[in-house]
Amino acid sequence: MRLVSLLLCLGLAACDAAEPGFRGAERVVSRVEGSTFTLRIRGDMAEAIRTSPEAFPLFRTVARRAAIAAQVKTGCRADWVQGDPAMMLIGLACEGRRPPKIPKARRDLYCDLSAFTLRDGIGSGALACQRV
């Protein structure tokens, strides 16, 4: 059972499915300074998905590597990088054009369940939520 769990985790860790705006775009694999990325380019934006396993990578380090990978593959200048160490969106300035505007960050709702109790198969507790 442990082997199955390990294989499932490893399989999910290497997942590089495109987000909706980049589906159908050509997939390019690039390596920069030990990090491996799957890049998809649409116009003046690129999506970079880190597929190499790295223990607790810093965003600024991975973002710099993703920007370099996008610049090498497109010949454009990476103006900004947004996202997290696993998946990034990169704004490209190509052929003297201005880069696209940085997309607005999503507003997420994070909730904590506290004082959870279970009696006769029925659970109850307090839910505290906040927008981030």
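Check the entry above for the structure.
Keep in mind that this is a model prediction, so the values were computed, not measured.

Chemist: Sorry if this is basic, but what is going on with the overall build of the protein here?
Modeler: The helix and strand inventory of the protein stands at 2 helices and 7 strands. Ordered by position from the N terminus, the helices and strands of the protein form the series α-β-β-β-α-β-β-β-β. Across the 132 residues that make up the protein, the buried fraction comes to 29%. Put simply, of all contacts in the protein between residues at least 6 apart along the chain, 36% involve residues at least 24 apart.

Chemist: Help me out: how do you make sense of the pairing of strand S1 (residues 27-32) in this one?
Modeler: Residues in a regular strand project their side chains so that they alternate between the two faces of the sheet. Alternating positions in S1 separate cleanly, Val28, Ser30 and Val32 being buried on one face and Arg27, Val29 and Arg31 remaining unburied on the opposite face. Where S1 hands over to strand S2 (residues 35-42), the hairpin turn is made up of 2 residues, of which Glu33 adopts a positive phi near 45°.

Chemist: Please explain helix H2 (residues 59-74) as it appears in this structure.
Modeler: Helical geometry note: an α-helix holds 3.6 residues per turn, so side chains three or four residues apart project in the same direction. In this model H2 runs 22 Å from its N-terminal to its C-terminal C-alpha over 16 residues, within 8% of the 22 Å that 1.5 Å per residue would give. Listed in full, the buried residues belonging to H2 are Val62, Ala63, Arg65, Ala66, Ala67, Ala69 and Ala70. Where H2 is buried, its residues touch S1, S2, strand S3 (45-50), strand S4 (77-83) and strand S5 (87-93). Gly75, located one to two residues past H2, shows a positive phi value of around 80°.

Rules of the game
Residues numbered from 1 in each chain as written. Predicted model: local features only at pLDDT ≥ 70, side-chain atom pairs only at ≥ 80, totals over all residues. Heavy atoms only, no water. Helix = DSSP H or I, 4+ residues; strand = E, 2+ residues; numbered from the N terminus. Buried < 20%, exposed > 50% of the residue type's maximum accessible area, 1.4 Å probe, protein only. Contact = heavy atoms within 4.5 Å. Pairing = 2+ DSSP bridges. Expected span 1.5 Å × (residues − 1).

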